[in-house]
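Okay, here's what each chain looks like letter by letter:
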Amino acid sequence: MATTNAQLAALFARMADVMQIIGVDGFRVNAYRKVSRVLEDLSEDIAKIGPDMKRLTEIDGIGKGSAERIIEFLKTGRMKDHDDLVSQIPPGLPALLDISGLGPKTAALLWKEGGIESVEQLKEKLKDDSLAALPGLGEKKLESLRKSLTFTQSTGGRVRIGQAMPVARWFVEKLRTIPGHKVKEVAFAGSLRRGRETIGDIDLLVAAPEADGGAISDYFVKLEPVGQVIVKGPTKTSVRTKSASGDEAEGMQVDVRIVPLECYGAALMYFTGSKEHNVSLRQRAIDRGLKLSEWGLFKGEQRIAGRTEEEVYRALGLDFIPPELREDRDEIAQAERHTLPDLLNIEDIHAELHAHTTASDGRWSIRELAEAAVARGFHTLAVTDHSKSQPIANGLTVERLEQHIKDVHEVAASMKGKIRILAGSEVDILADGTLDYPNSVLRELDLVVASPHAALSQDPEKATKRLLRAINNPSVTIIGHATGRLINRREGLHPEMKALFAAAAERGIAFEINANSYRLDLRDAHARAALEAGVKLAINTDAHGPPDLNELIYGVMTARRAGATKHNVINCLSRDALTKWIASTRA
Ligand code: DGT
Ligand code: CA
Ligand code: CA
Ligand code: ZN
């Protein structure tokens, strides 16, 4: 985990927010946002580079001024400019920006004209219409703020899997290599291992000799990202991580359990859950005259299984159940009948079919994207930049698209033999379901991913009609991020998914699981329904820059939660089979 990078990125982003709220010049705002993004995407650890002006300014996007501020932070742990800026606004104000649809301009208005200094005060004032008198606020805007606020609160402190996973992996790596201690196994468990889209807390499990427990806990609580220690002992320790930007409420809770090796499998099962799955397994054990706990599977006093999960499942007369399926649906009955699906693995993915470049809002060239896809071992890549109605995303006019297609073909020709590159587009599905380019243009493309981006609070009936119309467009091969939801931020559309899947099955086109951890759209339940309707899935990262391809795993875990095998997912097809399949969707 690049903690320093994340801290610095958050500081620069916060400075940009505050400048916008107090209304200082736009140039520095944009520069700071850019630096924040650069730092977030940076693969090198800034702490490793150190306070080196020359090396820092060599990083693309970091100028002398930003480098000075970074150096100051590395040396002192503070950034004076940041502190000065933040001191000019009430401490509760930045939290307003986390409410969807509430930008710096509205925050400034609410503060300066409405006297609101915190989310709490905003909630209070929204109870009546007193704010409607403020310029530019009106009843409609207030209603939408009320909705976003309820939504923000209903997330209940759960974080995206994409936030939790890197933190968990970092801790697992550290615990695996404690100097001088015999850690035999380490894993993350809980909802994270089950691949849920949001995570309440991180659960870690360590197998080690009992005598080492105290020392392992001592080591753990001293690790750099640990903020507050909640409890600490030789078998169970809980902490809260520091938050990335220092002034956000708090970080994530991390629970660590330390168990002897002989019950590691039973403990891993117990702490992976889900709770409901555990309850059913325990009942199954009781029905067989056995007792199951985190210490093992017992017959009377004797432990008959516990070292591995496989061993425990087998002793209960079950096939191994992959963590993503442990939700107490029908997985236990299937494991008994040997009919569990053979879930796909990340290694089964051989193609990326939705990715952006600098032609629209991506941060890398066609060639850089293609090299990254080659490095992943993919045989096919579709370059799918935005279409014209997405001006914020620098969508391509028909004219620019024509040139872009040529550019993609040129790179494709030069990389022949290494990877096949398709000239595609992520075409906007407009509010009425028509697409953002005419069919004559769409026919020139090798692949059309059609996705909704605007009008995302449409009522369900309109949304259903809209998407049905797109599905039935003969140029479309994949429906991208169908609902447009953003986890913890925006609810998105609520179309009648069953009707959509029936139409997609009829047309023989695919629905995407967008693997970006903000999206995971289709979500697990929708993907399951798609499979039940006989619809093929696509798993795409929607990559805009170098780190984004790493999000693939979240799409794969979501597909696994839906019970998908490699035969359900078009990105798992061989090169030739994929070509044929795409052709089959374009009658
Ligand atoms: P989360 O953290 O809210 O995203 O969800 P989980 O599933 O990670 O839940 P968590 O962290 O409270 O507990 C981790 C696992 O420990 C859970 O999946 C199953 C197990 N567990 C926790 N409490 C209980 C319980 O009261 N009964 C049973 N059978 N299992 C429990
Ligand atoms: Ca948990
Ligand atoms: Ca927990
Ligand atoms: Zn999109």
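Not measured: the values here are computed from a predicted model.

Analysis parameters
Every chain begins its residue count from 1, and numbering advances along the sequence as written. All chains are assigned letters beginning at A, and all ligands numbers beginning at 1, according to the order in which they are written. Per-residue local features of the predicted model are confined to residues with pLDDT of at least 70, and side-chain atom pairs are confined, for both listing and counting, to 80 or more; whole-chain, interface and lining totals are unaffected and use all residues. Calculated side-chain values reflect all of the structure's heavy atoms, with hydrogen atoms and water omitted. Counting from the N terminus, the helices are the DSSP runs of H or I reaching at least four residues and the strands are the DSSP runs of E reaching at least two. A simple rule labels every residue: compare its accessible area, found with a 1.4 Å probe on the protein chains alone, to the largest value its type can have, and call it buried under 20%, exposed over 50%, or partly exposed in between. Here a polar contact is recorded for every N or O atom pair within 3.5 Å, except that within protein the pair must consist of a potential hydrogen donor and a potential acceptor, and residues adjacent in sequence are included only if both atoms are side-chain atoms. Contacts are residue-level and defined by heavy atoms, with any inter-residue pair within 4.5 Å sufficient. When DSSP finds at least two bridges between two strands, those strands are taken to pair. Helix axes are fitted only over the stretch in contact, all axes being lines through C-alpha atoms; the angle between N-to-C directions runs from 0 to 180 degrees. To be near a molecule or strand, a residue needs just one of its heavy atoms within 4 Å of it. Accessibility throughout is a Shrake-Rupley quantity obtained with a 1.4 Å probe, and a residue counts as covered only by protein chains that appear here. Each residue is assigned to one of three groups, with Ala, Val, Leu, Ile, Met, Phe, Trp, Tyr, Cys and Pro labelled nonpolar, Asp, Glu, Lys and Arg labelled charged, and all others, Gly among them, labelled polar. Each metal's donors comprise the N, O and S atoms found within 2.8 Å of it (within 3.2 Å for Na, K or Ca). Water is not part of the atom list, so some coordination spheres may appear incomplete. The rule is simple: four donors are tetrahedral if all their angles sit between 85 and 135 degrees, four are square planar and six octahedral if opposite donors span more than 155 degrees and the others lie between 65 and 115, and anything that fits none of that is irregular. The quantity known as pLDDT measures the predictor's confidence residue by residue, on a range of 0 to 100. Residues grouped as a nonpolar core are buried Ala, Val, Leu, Ile, Met, Phe, Trp, Tyr and Cys residues, joined through side-chain atoms within 4.5 Å.

What follows is about the side chain of Arg-485. In this structure, Arg-485 sits in the loop between strand E15 (478-479) and helix H21 (497-507). Classification of Arg-485 by relative accessible area gives buried; the value is 5%. Of the polar contacts made by the side chain of Arg-485, one reaches the side chain of Glu-197; its length is 2.8 Å. Of note is the side chain of Arg-485, whose polar atom sits 2.8 Å from the backbone oxygen of Arg-519. Those residues in contact with Arg-485 that lie beyond four places of it in its chain are Glu-197, Arg-490, Glu-491, Gly-492, Tyr-518, Arg-519, Leu-520, Asp-521 and Arg-523.

Read across the open sheet, the five strands follow the order E2-E4-E7-E6-E5; overall the sheet is mixed. With one partner strand each, in any of the chains shown, strand E2 (185-188) and strand E5 (226-231) form the two edges of the open sheet. Along the sheet, successive strands turn relative to each other by an average axial angle of 20°, direction set aside. Note: E2 against strand E4 (residues 202-207), four bridges, orientation antiparallel. The partner of Val-186 across the bridge, within E4, is Val-206.

Take the sheet that holds strand E9 (residues 296-299) next. Sheet strands associate in pairs through backbone hydrogen bonding, adopting either a parallel or an antiparallel arrangement. Taken together, the three strands give an open sheet; going across it, the order is E8-E9-E10, and neighbouring strands pair in antiparallel fashion. Of all strands in the sheet, those with a lone pairing partner are strand E8 (291-293) and strand E10 (302-305), marking the two edges. Strand after strand, the sheet turns through a mean of 40° between neighbouring axes, direction not considered. Across three bridges, the pairing between E8 and E9 is antiparallel. Pairing of Leu-292 across the sheet is with Leu-297, part of E9.

Moving on, we come to the site of ligand 1. Taken together, the neighbourhood of ligand 1 is formed by 16 residues, with Arg-158, Ser-191, Gly-200, Asp-201 and Arg-282 sitting nearest. The separation between an oxygen atom of ligand 1 and a polar side-chain atom of Ser-191 is 2.5 Å. Contacts to ligand 1 include Arg-194, whose side-chain N or O atom sits 2.9 Å from an oxygen atom. When the free accessible area of ligand 1 is taken as 600 Å², the share hidden by the protein chains comes to 71%. Of all elements in the fold, only helix H11 (190-193), helix H13 (264-272) and helix H14 (275-287) reach the threshold of two or more residues within the shell around ligand 1. In terms of residue class, the shell around ligand 1 is made up of three nonpolar, seven polar and six charged.

Coordination of the zinc ion (ligand 4) by the protein involves Glu-426 (OE), Glu-426 (OE), His-453 (NE2) and His-481 (NE2), with metal-donor separations of 2.0 to 2.8 Å. Coordination at the zinc ion (ligand 4) is irregular: its four donor atoms span angles of 51 to 142° at the metal. On the primary sequence, the residues serving as donors to the zinc ion (ligand 4) are separated as E-x26-H-x27-H. Taken together, the residues span a long stretch of sequence, with Glu-426 in strand E13 (residues 420-428) and His-481 in the loop between E15 and H21 at a distance of 55 residues. Residue His-481 is classed as buried on the basis of its relative accessible area, which comes to 0%.

To continue, consider the confidence of the model for the chain. Across the chain, the average pLDDT comes to 92, with 97% of residues at or above 70. Under a pLDDT of 50 for its full length, residues 245-250 has, in the predicted model, five contacts with residues more than four places off or in other chains.

In this section: the nonpolar core. Formed by 65 residues in total, the largest nonpolar core has its most connected members in Ile-421, Ile-479, Phe-511 and Leu-522. Not counting chain neighbours up to four residues away, the residues in contact with Ile-421 comprise Ala-370, Leu-381, Val-383, Val-408, Val-411, Ala-412 and Met-415. Core analysis: the next-biggest nonpolar cluster, separate from the first, contains 48 residues, Met-15, Ile-59, Ala-107 and Leu-126 among them.

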